[in-house]
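What follows is each chain in one-letter form.
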Amino acid sequence: MSTTATLPRVDAEQIEVFADELDVQKAARIFDEHGCLVVRGLLKEYVDDIREDILRTVDQSISLLPKARKVVEGWSTPDGSLFLPAPEGYDREQQIMCVGINYQTSGAFFRSALDKNLLSIIEGLLGPNVEIFGNGQSLCKEPVGGHPKLLHQDSAYFEHQHIGPVAILTYGVDTALKNGALHVVPGSFKLGTLPHIDTFSHLGLDPEEWPWERATPIEGKAGDSIFFHVRCIHGSPENHSDSRRPIFIHRYRCTDDFVTVGGTTTENRAERAKNPSKKKSRSDRGLLVCGFREYEDEEA
């Protein structure tokens, strides 16, 4: 299918359900049709504690900038945060992107990954045997020009053998257009993994072909969660408010799935694509959150 194919316009209201009257079957139907789903209020009981941990980590990471090392993607501080070049006129040279918080550093973050309603939806999308993919992720847009993340597909970063991971992005604060609401392109997962280019914030789709106007903005309250397929096109513009805009992400995949090709730039992705992975290793297993994992003899 051509990447210039016209996808039908879908408003946020058409892809949303509410946690306090959750219908898992309806949620699954929406996700199966559009490759994305909004669940209002899904993780609101955890969000205050997680936000506190995220912002505490942001302050910690900024204090560690003198010890940061240069990496391909920007600068990495000793606590695992990733910084990008700050926009001109900012009060320091680097601006945080990925926050060094994970399931080992925040109890509230880990507890939210095991939320009963969240896992009931995930099981409805992926089936009975599901594992966590990754270690949790958080991104924070700093105020007054916090970095944009151009429209992209997660499969450009970690292409999988099967369905791939479902991501759940949750707002840590009330989020509107001004402070960088997530934008999604419903139905775009059906296009397959598209060619990406190198952008200011790593791999992204060509903004000439995929401008923000092609996407649906999802404004929401703290604790609202957005589910999206690994090939669903999504991104978020700059934060023009005077406050930080934190989010946190959980990812889940079927237990037999695995990364075939990964990368963060066009160069390193192309290099890894020369020798894609062909099987799942024991070291690639995530924590099992649904179902049961039977013994497999790797040598066989």
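(A) Focus on the side chain of Glu142. With respect to the helices and strands, the residue Glu142 is situated in the loop between strand E8 (137-141) and strand E9 (149-152). Among the polar contacts listed, one links the side chain of Glu142 to the side chain of Tyr90, at a separation of 3.2 Å. Among residues more than four places away in sequence, those in contact with Glu142 are Ile62, Tyr90, Arg92, Gln94, Gln95, Ile96 and Asn239.

(B) Summary view of the sheet that holds strand E17 (residues 234-236). If you walk across this open sheet you meet the four strands as E9-E17-E12-E15, and the pairing is antiparallel. Among the strands making up the open sheet, the edge pair consists of E9 and strand E15 (216-218). In this sheet, adjacent strand axes meet at a mean angle of 25 degrees when their direction is disregarded. When strand E12 (residues 182-184) meets E17, the two strands line up antiparallel, connected through two bridges. Paired with Val184 across the two strands is His234, which belongs to E17.

(C) Region of interest: the packing of aromatic side chains. If you walk through the whole model with that rule in mind, you get four aromatic pairs. Among the aromatic side chains, those forming a connected cluster through ring pairs are Tyr103, Phe109, Phe110 and Phe248. Lys70 extends its terminal NZ or CZ atom over the ring of Trp75, reaching a point 4.8 Å from the ring centre. When the ring centre of Trp210 is taken as reference, the NZ or CZ atom of Arg214 above it lies at 3.7 Å.

(D) The arrangement of the side chain of Thr216 in detail. Mapped onto the elements of the fold, Thr216 is located in strand E15. With relative accessibility at 4%, the residue Thr216 sits in the buried group. Within polar-contact distance, the side chain of Thr216 engages the backbone oxygen of Val10 at 2.6 Å. If we skip the residues at most four places from it in the chain, Thr216 touches Arg9, Val10, Asp11, Ala12, Leu182, His183, Val184 and Pro186.

(E) Seen up close, helix H4 (residues 116-126). Of all the positions in H4, only Leu118, Leu119, Ile121, Ile122, Leu125 and Leu126 are classed as buried. Angularly, the buried residues of H4 cover 160 degrees about the axis, an arc narrow enough to put them on a single face. N-capping of H4 is provided by Asp115, with a side-chain oxygen placed 3.1 Å from the backbone N of Asn117. Directly beyond the C-terminal end of H4, a positive phi value near 100 degrees is found at Gly127.

(F) Structural context of the pattern of salt bridges. Using the criterion set out here, one finds 13 salt bridges in the structure. Two residues, Glu131 and Lys280, come together in a salt bridge whose shortest N-O distance is 2.8 Å. With Glu131 in strand E7 (residues 130-132) and Lys280 in the loop between helix H5 (266-273) and strand E20 (288-290), the pair connects residues that are 149 residues apart, well separated along the chain. Residue Lys280 is classed as buried on the basis of its relative accessible area, which comes to 18%. Where Asp284 meets Arg253, a salt bridge forms, and the shortest distance between an N and an O atom there is 3.2 Å. With Asp284 in the loop between H5 and E20 and Arg253 in strand E18 (residues 245-254), this residue pair connects regions lying 31 residues apart in the sequence. When its relative accessible area of 25% is taken as the criterion, Asp284 is described as partly exposed. Through salt bridges that share partners, Glu131, Arg253, Lys280, Asp284 and Arg293 make up one connected network.

(G) Main features of unusual backbone geometry. One non-glycine residue with positive phi stands out, namely Val144, at about 55 degrees. Mapping Val144 onto the fold places it in the loop between E8 and E9. The class for Val144 is exposed, based on a relative accessible area of 60%. At His202, a position not held by glycine, the phi torsion is positive, near 80 degrees. Topologically, His202 is positioned in strand E14 (residues 202-204).

(H) Region of the structure containing the environment of His160. Summarising the element assignment, His160 is placed in strand E10 (residues 158-160). Ignoring anything within four residues of it in the chain, the contact list for His160 reads Phe133, Pro165, Arg253, Asp257, Phe258, Val259 and Thr260. Only 3.0 Å separates the side chain of His160 from the backbone oxygen of Phe158, close enough to count as a polar contact. Here the side chain of His160 touches Arg253 through a polar contact of 3.0 Å, side chain to side chain.

Reading the values: rules and limits
- Residues numbered from 1 in each chain as written.
- Predicted model: local features only at pLDDT ≥ 70, side-chain atom pairs only at ≥ 80, totals over all residues.
- Heavy atoms only, no water.
- Helix = DSSP H or I, 4+ residues; strand = E, 2+ residues; numbered from the N terminus.
- Polar contact = N/O pair within 3.5 Å; in protein donor to acceptor, adjacent residues only side chain to side chain.
- Contact = heavy atoms within 4.5 Å.
- Pairing = 2+ DSSP bridges.
- Axes fitted to C-alpha atoms, helices over the stretch in contact; angles between N-to-C directions.
- Phe/Tyr/Trp six-rings, centres within 6.5 Å; stacked < 30°, edge-to-face > 60°.
- Lys NZ or Arg CZ within 6 Å of the ring centre and 35° of its normal.
- Buried < 20%, exposed > 50% of the residue type's maximum accessible area, 1.4 Å probe, protein only.
- Arc of directions from axis to C-beta.
- Salt bridge = Lys/Arg side-chain N within 4 Å of Asp/Glu carboxyl O.

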